[in-house]
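Observations on the three-dimensional arrangement
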Amino acid sequence: MASLKPDVTARKPVSHDDYLPSRVPPALNLLQSFEHDPALVGIHPRLSAMRISKIAPSAPLARELVRPIKTGQRPLFRVVPPLMWRTRFAALHTPVADRSLLASLDVEVASYTSYAVSIQSVDLSMLGGDMEPLAAVGAATPCSPGDQLSYLYKATPDLGPDGTPALGSKGHTLTVRILADVHVGPLCTPRVAITWRTPVDFAPEHDTQERGAPSAAANVTLTMTGPCRVKVGTPFHWSLFILNRSASAQRLGIIVLPKRKHTPTHRPSSSAAVPASHGASTALLAPAVQDSNAVYARQKSARAEPAQLVCLTTELRLGPLAPGACYTAEVGFVALAAGALAVECVRVVDLGTGGVVDVREVAGVVAVEEEEEEEV
């Protein structure tokens, strides 16, 4: 079948000739102006414009910008706090209706500085209550590095209709303001102003700096193994396996507390009579009054029974124990009486923070006399 349309699949012939194809205008000759130069007789210079790439000229840099930047040694300034402080609270021996606390503010001049500090003023105020100073230090008190000053206050919260703190147990906020001068030199006396706030919980005893700190002794696994049958008067040992499950190294102390029998004592009647309460159930009751003679009689008649299972190892200290590390130790015992014996508890003390954990689920032993052992 004949067609007038050209074949779209037909390809143009490719020329492998290195010369320029016919009827194609050449590029501009940049040296054409030198063709009629008398010095170039019979020479036709040619430089195609296709061989030249344009380069945009850049502006010359000023000499001021190319000079090297001189860098000197940077001065180092140590920034340290000149004062450290801590607040403590303790319950007062007051009636139940009085929720006042004894507040103690300890201010210490940093010992790692060599400058004297003059404390100009110390002010304590509480939101929803009053702070009454009990013992204060005079104004503009000069202090040397390492000195410690104590300020005593009586914290009294505002009470609600039911006799409880008006803002709740943790709604009262204590604000501490301290103004001091640091004597760096004759012409340099910077003034330091401190404003610090903390909630106050009207509990018997607590410390605002250490409240809520978990004990690392609770992250330690203690496994005890030993004989279940021993002889009276013959020492034996328990094996202790300690595993540190916390994320930091720990220094621990282990103390075995003996179990003592408590002999019931007769409690003499107190000479002070307690009147009966006929008020409403919501009325606040004062604690019972005990006569000093009754307390003395109870202490005099108290009798401590000797321990029947004695630990020969008074205290065991170990550490620092790395995270995930374990330790094995032995604790010696001796039974002084026959029968089923046990210890009161095994106390694990964190030597770093002072936290204490008592392990009371401790297996006991059966102590027998030597004659009974031979018969069996």
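Residues numbered from 1 in each chain as written. Predicted model: local features only at pLDDT ≥ 70, side-chain atom pairs only at ≥ 80, totals over all residues. Heavy atoms only, no water.

**Looking at the overall build of the chain**
Put simply, the rule reads: Helical segments are the DSSP runs of H or I of at least four residues, strand segments are the runs of E of at least two, and each set is numbered from the N terminus. Buried, partly exposed and exposed residues are distinguished by accessible area as a fraction of the type maximum, computed with a 1.4 Å probe on protein chains only: under 20%, between the cut-offs, and over 50%, respectively. Contacts were defined at the residue level, with two residues in contact if any of their heavy atoms lie within 4.5 Å. Surface accessibility follows the Shrake-Rupley procedure with a 1.4 Å probe radius. Residue values consider only the protein chains on display as shielding.
Helix and strand content of the chain: two helices and 20 strands. Residue burial in the chain is summarised as follows: out of 376 residues, 25% are buried. Counting contacts in the chain only where the partners sit at least 6 residues apart, residues at least 24 apart contribute 67% of the total. Of the roughly 27200 Å² of accessible surface on the chain, 56% is carried by carbon and sulfur atoms.

**What about the pairing of strand S2 (residues 101-109)?**
Stated formally: When DSSP finds two or more bridges between a pair of strands, those strands are recorded as paired.
With seven of nine residues buried, S2 lies mostly within the body of the structure. Alignment of strand S1 (residues 83-91) against S2, held across nine bridges, turns out to be antiparallel. In the strand pairing of S2, arginine 88 is matched with serine 104. Pairing analysis gives eight bridges linking S2 to strand S6 (residues 148-157), with the strands arranged antiparallel. Looking at S6, one finds that aspartate 106 is bridged to serine 150.

**Let's talk about the sheet that holds strand S20 (residues 365-368)**
Applicable threshold: Axes here refer to lines fitted to C-alpha atoms; in helices the fit is confined to the stretch in contact. Angles between the N-to-C directions go from 0 to 180 degrees.
Spatially, the three strands line up as an open sheet ordered S11-S20-S17, and their pairing is mixed. Where the open sheet ends on each side, the last strands, each with one partner, are strand S11 (229-231) and strand S17 (339-341). Each strand of the sheet is rotated relative to its neighbour by a mean of 35°, with strand direction disregarded. As judged from the three bridges shared by S11 and S20, these two strands associate in the parallel manner. Considered in S20, the bridge of valine 230 is made with alanine 367.

**Details of the sheet that holds strand S13 (residues 250-257)**
If you walk across this open sheet you meet the four strands as S15-S13-S18-S19, and the pairing is antiparallel. With partners counted over all chains shown, the strands left at the sheet margins are strand S15 (316-321) and strand S19 (356-359), one partner each. Strand after strand, the sheet turns through a mean of 20° between neighbouring axes, direction not considered. Sheet topology places S13 next to S15; four bridges connect them, and they run antiparallel. Within S15, the residue paired with isoleucine 254 across the bridge is leucine 316.

**Section: the side chain of asparagine 29**
This is how it is decided: Counting of polar contacts relies on pairs of N or O atoms within 3.5 Å, with two restrictions inside protein: one atom must be capable of donating a hydrogen and the other of accepting it, and residues adjacent in sequence are counted only when both atoms are side-chain atoms.
Mapping asparagine 29 onto the fold places it in the segment before S1. There is a polar contact of 2.7 Å between the side chain of asparagine 29 and the backbone nitrogen of leucine 47. Dropping the residues within four chain positions of it, asparagine 29 is found in contact with Pro45, Arg46 and Leu47.

**Remarks on a nonpolar patch on the surface**
Quick reminder of the rule: Two distance rules govern patches: like charges are joined within 9 Å, and nonpolar side chains (Val, Leu, Ile, Met, Phe, Trp, Tyr) within 5 Å, applied only to residues with over 30% relative accessible area and no salt bridge. When a carboxyl oxygen of Asp or Glu lies within 4 Å of a side-chain nitrogen of Lys or Arg, that pair is called a salt bridge.
A contiguous nonpolar surface patch, about 290 Å² in accessible area, is contributed by Leu28, Leu30 and Ile52. For leucine 30, the location among the structural elements is in the segment before S1.

**Remarks on the nonpolar core**
For clarity, the threshold we go by: To form a nonpolar core, buried Ala, Val, Leu, Ile, Met, Phe, Trp, Tyr and Cys residues must be joined to one another through side-chain atoms within 4.5 Å.
Judged by nonpolar contacts, the single largest core of 27 residues is most densely connected at Ile242, Ile254, Leu309 and Phe333. Sequence-distant contacts of isoleucine 254, that is, excluding residues within four places in its chain, are made with Leu222, Leu240, Ile242, Glu315, Leu316, Leu318, Val346 and Arg347.

**Topic: the side chain of aspartate 181**
If you trace the backbone, aspartate 181 turns up in strand S7 (residues 172-183). Since its relative accessible area comes to 9%, aspartate 181 is described here as buried. A polar contact of 2.7 Å, which involves the side chain of aspartate 181, links it to the side chain of arginine 191. When near neighbours in sequence (up to four residues on either side) are disregarded, aspartate 181 contacts Ala116, Val117, Ser118, Gln120, Thr189, Pro190 and Arg191.

**Concerning the confidence of the model for the chain**
As a reminder, the rule being used: Known as pLDDT, the predictor's per-residue confidence is scaled from 0 to 100.
Looking at the chain, the pLDDT average stands at 75 and 68% of residues meet or exceed 70. By mean pLDDT, strand S9 (residues 205-207) is the weakest element of the chain at 42, and S7 is the strongest at 89. Between residues 205-214, whose pLDDT stays under 50, and residues either more than four places distant or in other chains, the model counts 20 contacts. Note on residues 267-283: pLDDT is under 50 here. Beyond four places in sequence and across chains, it has 10 contacts.

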